[in-house]
Amino acid sequence: MAYSRSQTVCLTGFQGHPVTVEAHIAKGRPALVVTGLPDIALEQSKVRIFSAFTNSGLEWPDTYTVVNLLPASVRKSGSVCDLAIAAAILAAGYTVPRDRLEGTVLLGELGLDGQLQPVRGVLPCLLAAERAGADTAIVPLRNLAEASLVSRLKCLGANHLSEVVAFLRGEESLSATAPVVPEEPAAELPDMADVVGQETARRGLEVAAAGGHHLFLLGPPGAGKTMLAERLPSILPPLDEAAALETTALHSIAGTLKGTHPRLLRRPPYSAPHHSVTMPAMVGGGTPLRPGAISMAHNGVLFLDECPEARRDVLDALRQPLERGEILISRARSSARFPARIQLVLAANPCPCAASSTESCTCPAPRRHRYLSRLSGPLMDRVDIRIEVAPVPMSAMLSADAVPESSEVIAARVAEARRAARERWSDAEQEWRTNSEVPGPRLRAKPWRLPTSVTKTADWLVETGQLTGRGYDRTLRMAWTLADLAGRDRPDSGDIAEAAGLRVGWLPPS
Ligand SMILES: [Zn+2]
């Protein structure tokens with residue numbers, strides 16, 4: 001029987017699904033029929049594959065050919081399946097031996113001339129193929145460096161369909177090493193040593209990094225809010241292996257991996273969309289589906305400057321990732337998830353007029369009030385640390401005699417505090433990595449409950465209505481972070497007072 005099969009992978013959001021391509025060459029009028037939920041890009045692959053065959057000197061089966069994609073339940077999208085479909089047809093027509101396709105996963109788009117075009121998302125696709133038991137992968141040569149990040153797969157690269165055919169016939173070998181390209185020098189990360197003065201904000205940033213707390217910065221333009229936010233990744237611990245793979249895979253799908261020789265991303269990413277960002281650009285969208293700014297900040301920092309200017313629905317969309325660590329994108333016929341465990345930094349000017357200082361703003365009070373009251377509500381309630389940032393006068397900058405602490409020094413303290421927190425909570429029934437993840441009821445119960453002599457400041461703020469119940473729990477979490485930074489095994493009343501100050505440092509008007 002003229003029947004064969006090959007393996008490929010399709011992405012639904014972040015998730016790679018192994019797909020089997022069946023090809024059957026039957027008697028009948030010449031036609032190519034593709035079944036099994038193909039999308040439009042896949043429909044077009046018929047044209048690409050036919051042209052690639054004829055331009056590679058391969059014989060097109062001049063009969064009725066059926067290609068079926070399994071399982072039918074998985075929505076197949078994109079052009080990533082081209083190579084696997086071509087290989088299945090070739091094997092069904094005895095052009096290449098069928099057994100050569102066993103255990104091999106094929107990824108790649110075909111050009112009309114038979115050239116193999118690089119595709120996005122090779123890393124998450126091959127991670128899924130590896131889990132499904134594949135041992136070899138054939139990918140476009142320009143994707144080979146990225147493919148090789150999947151350590152347990154044998155990865156081979158090809159430039160042209162005819163090379164793949166020669167390889168499957170056992171006539172030629174394929175390149176197992178990506179071509180050497182001169183490395184771009186690594187860009188230097190912005191460092192905390194550049195931030196002069198700003199003692200409160202520096203402290204807030206360190207506490208945020210140590211406990212995984214969300215942060216809000218209020219201050220006029222030029223106060224240094226962006227400068228502070230973009231330095232948060234430099235004091236966070238580097239990503240572990242699993243997080244590095246996830247983060248790199250997301251950037252692979254987004255097509256933002258830099259250079260032809262991508263490496264695993266080890267630094268927490270920083271994503272700073274403009275406040276005019278649209279919903280799809282924020283949460284993810286497009287065809288095929290790409291992650292949005294939120295997921296580009298997965299395992300790192302999402303910074304939203306001038307957040308009162310952002311669309312209401314965009315701000316509301318941040319709540320789900322803050323609660324669940326992922327974002328669900330629902331569409332008419334499908335839905336997909338992207339990971340989105342982020343540390344949020346919001347910033348705002350005190351007034352829509354963007355005056356350079358509070359004194360130079362002459363707007364009527366109701367206007368400022370209306371502007372900042374956009375920041376009340378459930379999103380703002382999830383932000384632990386709220387800090388007012390004032391511009392540092394030039395004279396103070398010039399007279400500062402000591403060089404501010406560098407990111408390296410702060411990162412060491414952050415790492416130590418995180419280690420203490422992880423150790424404490426790993427004894428708990430559920431493993432929490434940072435203080436910000438520990439549920440409030442756990443902190444208010446034995447053995448973590450703090451005596452009222454310690455919590456008195458926070459208790460008083462609740463009694464006088466300056467702190468909500470949720471705000472109280474957030475204060476407790478931050479107090480644990482402050483204790484971890486100071487090397488104490490429990491928060492004292494000073495930690496509670498400082499935590500409460502960070503929490504109510506600035507209150508949105510209600
Ligand atoms: Zn104003």
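Quick note: structure is the one above.
Report on the accompanying structure. Since the structure is predicted, the reported quantities are computational estimates derived from the model, not experimental observations. (Residues numbered from 1 in each chain as written. Predicted model: local features only at pLDDT ≥ 70, side-chain atom pairs only at ≥ 80, totals over all residues. Heavy atoms only, no water.)

Some points on the packing of aromatic side chains
- Under the criterion given, the structure shown has seven aromatic pairs.
- With centroids separated by 5.8 Å and ring planes inclined at 65 degrees, the aromatic side chains of Trp425 and Trp480 adopt a geometry described as edge-to-face. Of this pair, Trp425 sits in helix α16 (residues 407-426) while Trp480 is found in helix α19 (residues 469-486), placing the two residues 55 residues apart along the sequence.
- Classification of Trp425 by relative accessible area gives buried; the value is 0%.
- Ring plane angle 85 degrees and centroid distance 5.8 Å describe the contact between Trp448 and Trp480, whose orientation is recorded as edge-to-face. Note that Trp448 is positioned in the loop between α17 (440-443) and α18 (452-463) and Trp480 in helix α19, a separation of 32 residues in sequence. For the residue pair Trp448 and Trp480, the accessibility class agrees, reading buried in each case. (Phe/Tyr/Trp six-rings, centres within 6.5 Å; stacked < 30°, edge-to-face > 60°. Helix = DSSP H or I, 4+ residues; strand = E, 2+ residues; numbered from the N terminus. Buried < 20%, exposed > 50% of the residue type's maximum accessible area, 1.4 Å probe, protein only.)

Looking at a nonpolar patch on the surface
- On the surface, a nonpolar cluster with roughly 350 Å² of combined accessible area is contributed by Met394, Met397 and Leu398.
- Along the chain, the position of Leu398 falls in helix α15 (residues 394-399).
- The exposure class of Leu398 is exposed, given its relative accessible area of 68%. (Patch = residues over 30% accessible without salt bridge, like charges linked within 9 Å, V, L, I, M, F, W, Y side chains within 5 Å. Areas by Shrake-Rupley, 256 points an atom, 1.4 Å probe, with all protein chains shown as cover. Salt bridge = Lys/Arg side-chain N within 4 Å of Asp/Glu carboxyl O.)

Some details on the coordination of the zinc ion
- Those donors, Cys351 (SG), Cys353 (SG), Cys361 (SG) and Cys363 (SG), are the protein atoms that reach the zinc ion, and they lie 2.2 to 2.4 Å from it.
- Because the angles between the four donor atoms bound to the zinc ion fall within 103 to 119 degrees, the donor set is best described as tetrahedral.
- Mapped onto the sequence, the residues coordinating the zinc ion show the spacing C-x1-C-x7-C-x1-C. (Donors = N, O, S within 2.8 Å, 3.2 Å for Na, K, Ca; no water. Tetrahedral: all angles 85-135°; square planar, octahedral: opposite > 155°, others 65-115°.)

Thoughts on unusual backbone geometry
- Put simply, Leu70 and Pro71 share a cis peptide bond, and its omega is -5 degrees.
- As for its position among the elements, Pro71 is in the loop between β4 (64-70) and α2 (82-92).
- The peptide bond linking Lys446 to Pro447 adopts the cis configuration, its omega dihedral lying at 0 degrees.
- Counting through the fold element by element, Pro447 comes out in the loop between α17 and α18.

Remarks on the sheet that holds strand β11 (residues 270-271)
- Sheet architecture is open: five strands sit in the order β11-β14-β17-β10-β18, paired in parallel fashion. Strands with a single pairing partner mark the edges of an open sheet, and in this sheet they are β11 and β18 (385-388). (Pairing = 2+ DSSP bridges.)

Thoughts on the pattern of salt bridges
- In this structure the tally under the stated criterion is 22 salt bridges.
- Between Arg266 and Glu241 there is a salt bridge whose closest N-O contact spans 3.0 Å. Separated by 25 residues along the polypeptide, Arg266 in the loop between α8 (241-254) and β11 and Glu241 in helix α8 bring together distant segments of the chain.
- For Arg266, a relative accessible area of 37% corresponds to the partly exposed category.
- Residue classification places Glu241 among the partly exposed residues on the basis of a relative accessible area of 46%.
- Note that Glu423 is salt-bridged to Arg419, the shortest N-O span being 3.0 Å. Separated by four residues within a single helix, Glu423 and Arg419 lie in helix α16, roughly one turn from each other.
- Residue classification places Arg419 among the partly exposed residues on the basis of a relative accessible area of 34%.
- The network of salt bridges with common partners includes Asp194, Glu230 and Arg231.

Some details on the pairing of strand β8 (residues 136-140)
- The element β8 is extensively covered by neighbouring structure, given that five of its five residues are classed as buried.
- Strand direction decides the pairing type here: strand β5 (residues 104-106) and β8, joined by three bridges, are parallel. Within the sheet, the bridge partner assigned to Leu106 lies in β8 and is Ile138.
- Looking at chain direction, β8 and strand β9 (residues 154-158) are connected through five bridges and run parallel. Its bridge partner being in β9, Ile138 is matched across the sheet by Leu156.

Observations concerning the nonpolar core
- Counting residues in each nonpolar core, the largest one holds 103 residues, and the members touching the most others are Leu126 and Met282.
- Counting residues per element, this core draws most heavily on α2, at 10 residues.
- Here this core spans two domains, and each of domain 1 (3-168) and domain 2 (192-428) adds at least three residues to it.
- Look past the residues within four positions of Leu126 in its chain and what remains in contact with it is Val105, Leu107, Ala137, Val139, Ala147, Val150, Leu153 and Cys155. (Core = buried A, V, L, I, M, F, W, Y, C linked by side-chain atoms within 4.5 Å. Domains from an automatic or database assignment. Contact = heavy atoms within 4.5 Å.)

Side note on the side chain of His214
- Within the element layout of this structure, His214 appears in the loop between α6 (199-211) and β10 (215-218).
- For His214, a relative accessible area of 10% puts it in the buried group.

Comments concerning the state of the cysteines
- By the definition in use, this model includes zero disulfides.
- In this model Cys81 remains outside any disulfide bridge; the closest cysteine sulfur is found in Cys10, 3.4 Å from its own. (Disulfide = S-S within 2.5 Å.)

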